[in-house]
Amino acid sequence: FLGVKSIVRKNAHISDFLSKYHKLIQVGIAVLTGIVSFLIFLGGTRTPSADQIQVYSAALYFNEDNYINLSKGGYVMMYPQQLGYILYMQLVLKLSGGQFGFQILQVINIFFIMGIVYFASCFIDDLTDDVVTRLLGSLLFLGLLPLQLLGTWVYGDIPFYFFLFLFLHYFSILDKKKIKYAIISILAAIFCLIFRRHAL
């Protein structure tokens, strides 16, 4: 990190290039992370298990007007914090006609992952003006394999992290002149709670 910083400081051409194109590089990093996630997705079917299959099957049952999971001893009765994510799954499955099953949720996760990397990079930009810190911080996401591997996780974590970094970015640049940033921050915070009530 210090070596790269030193090289950039000594070379004005590199510094100017990185300053000019750092946003484009961050978008590229987000897209590359999405490609890695997509390759993992293509690597084999990863059927939801444990809690994932519980929330997924609850969404399928709810779409068939079967609310057995809300009865005493049912999964959703015991873990009502999952209702937000179940609603999201219900909507996705209905809009897709249910023909893609859980795989449609995994593909949407890949887009959420790209968004996570992009808005986390924006948040780094909000914290520092140093272009090397911005780019190296963003570049570290390429090596963050747990994030890419979670693309096949049919659970609320990935959408939650997307809305978390969306919130952090817009909240950090909030000022009185930009009411739209406040609205985006509030909506992002609400969606954080919908996807993962522990976010509170």
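Preceding this section is the structure that the text describes.
What this report covers is the structure whose coordinates are included nearby. (Residues numbered from 1 in each chain as written. Predicted model: local features only at pLDDT ≥ 70, side-chain atom pairs only at ≥ 80, totals over all residues. Heavy atoms only, no water.)

### Thoughts on the packing of aromatic side chains
For step 1, the next point in the chain: According to the stated counting rule, one finds 19 aromatic pairs in the structure shown.
For step 2, the next point in the chain: Connected via pairs of aromatic rings, a cluster forms that spans Tyr85, Tyr88, Phe112, Tyr118, Phe119, Phe162, Phe163, Tyr170, Tyr181, Phe191 and Phe195. (Phe/Tyr/Trp six-rings, centres within 6.5 Å; stacked < 30°, edge-to-face > 60°.)

### Thoughts on unusual backbone geometry
For step 1, the next point in the chain: A positive phi angle is found at Ala50, which is not glycine, with a value near 55°.
For step 2, the next point in the chain: With respect to the helices and strands, Ala50 occurs in the loop between helix H2 (12-42) and helix H3 (51-63).
For step 3, the next point in the chain: The phi torsion at Asp65 lies on the positive side, around 60°, for a residue other than glycine. (Helix = DSSP H or I, 4+ residues; strand = E, 2+ residues; numbered from the N terminus.)

### Remarks on a nonpolar patch on the surface
For step 1, the next point in the chain: A cluster of nonpolar residues, Val27, Val31, Leu32, Ile35, Phe38, Leu39 and Leu42, forms a patch on the protein surface that exposes about 610 Å² of accessible area.
For step 2, the next point in the chain: When you line up the elements, Leu39 lands in helix H2. (Patch = residues over 30% accessible without salt bridge, like charges linked within 9 Å, V, L, I, M, F, W, Y side chains within 5 Å. Areas by Shrake-Rupley, 256 points an atom, 1.4 Å probe, with all protein chains shown as cover. Salt bridge = Lys/Arg side-chain N within 4 Å of Asp/Glu carboxyl O.)

### Notes on helix H5 (residues 83-95)
For step 1, the next point in the chain: Taking 1.5 Å of rise per residue, the 13 residues of H5 would be expected to cover 18 Å, and the 18 Å separating its terminal C-alpha atoms lies within 8% of that figure.
For step 2, the next point in the chain: Here H5 has its buried residues at Gly84, Tyr85, Ile86, Tyr88, Met89, Gln90, Val92 and Leu93.
For step 3, the next point in the chain: For H5, the elements touching its buried residues are H3, helix H4 (75-78), helix H6 (102-127), helix H9 (157-172) and helix H10 (179-195).
For step 4, the next point in the chain: One or two residues past the end of H5 sits Gly97, with phi positive at roughly 75°. (Expected span 1.5 Å × (residues − 1). Buried < 20%, exposed > 50% of the residue type's maximum accessible area, 1.4 Å probe, protein only. Contact = heavy atoms within 4.5 Å.)

### Here's the deal with the packing of H9 against H10
For step 1, the next point in the chain: Packing of H9 against H10 brings their axes to within 8 Å, and their N-to-C directions diverge by 155°. It follows from the interaxial angle that H9 and H10 lie roughly antiparallel. Helix-helix and strand crossings are classified by hand; for H9 and H10 the assignment is left-handed. Across the interface between the two elements, Pro159, Phe160, Phe163, Leu164, Leu166, Phe167, Tyr170 and Phe171 of H9 pack against Tyr181, Ile184, Ser185, Ala188, Ala189, Phe191, Cys192 and Phe195 of H10.
For step 2, the next point in the chain: When its residues are assigned to classes, the contact of H9 with H10 shows 15 nonpolar, 1 polar and no charged. (Axes fitted to C-alpha atoms, helices over the stretch in contact; angles between N-to-C directions. Parallel < 35°, antiparallel > 145°, perpendicular 65-115°, else oblique. Left-handed = near helix turned anticlockwise from the far one by under 90°. Nonpolar A, V, L, I, M, F, W, Y, C, P; charged D, E, K, R; others polar.)

### Comments concerning the nonpolar core
Most often, soluble globular proteins have nonpolar side chains that are buried together.
For step 1, the next point in the chain: Ranked by size, the top nonpolar core spans 41 residues in total, and within it Ile86, Tyr88, Met89 and Leu105 carry the most contacts.
For step 2, the next point in the chain: Breaking this core down by element, the ones donating at least two residues are H2, H3, H4, H5, H6, H9 and H10.
For step 3, the next point in the chain: Among the elements that line this core, the one with the most residues is H6, at 11 residues.
For step 4, the next point in the chain: When sequence neighbours within four positions are dropped, the list of residues in contact with Tyr88 reads Leu105, Ile108, Phe112 and Phe195.
For step 5, the next point in the chain: In this structure, Leu18, Val131, Val132 and Leu135 belong to the second largest nonpolar core, which totals 5 residues. (Core = buried A, V, L, I, M, F, W, Y, C linked by side-chain atoms within 4.5 Å.)

### Concerning the side chain of Asp125
For step 1, the next point in the chain: Tracing the chain through its elements places Asp125 in helix H6.
For step 2, the next point in the chain: A relative accessible area of 8% means that Asp125 is categorised as buried.
For step 3, the next point in the chain: At a separation of 3.0 Å, a polar atom in the side chain of Asp125 contacts the side chain of Gln26.
For step 4, the next point in the chain: For Asp125, the contacting residues outside a window of four places in its chain are His22, Lys23, Gln26 and Arg134. (Polar contact = N/O pair within 3.5 Å; in protein donor to acceptor, adjacent residues only side chain to side chain.)

### Thoughts on the state of the cysteines
For step 1, the next point in the chain: This model, assessed by the stated rule, comprises 0 disulfides.
For step 2, the next point in the chain: No disulfide involves Cys122; its nearest neighbouring cysteine sulfur is the one of Cys192, lying 16 Å away.
For step 3, the next point in the chain: Taking relative accessible area as the criterion, Cys122 reaches 2% and is therefore assigned buried.
For step 4, the next point in the chain: Of the residues examined, Cys192 reaches a relative accessible area of 6% and is grouped as buried. (Disulfide = S-S within 2.5 Å.)

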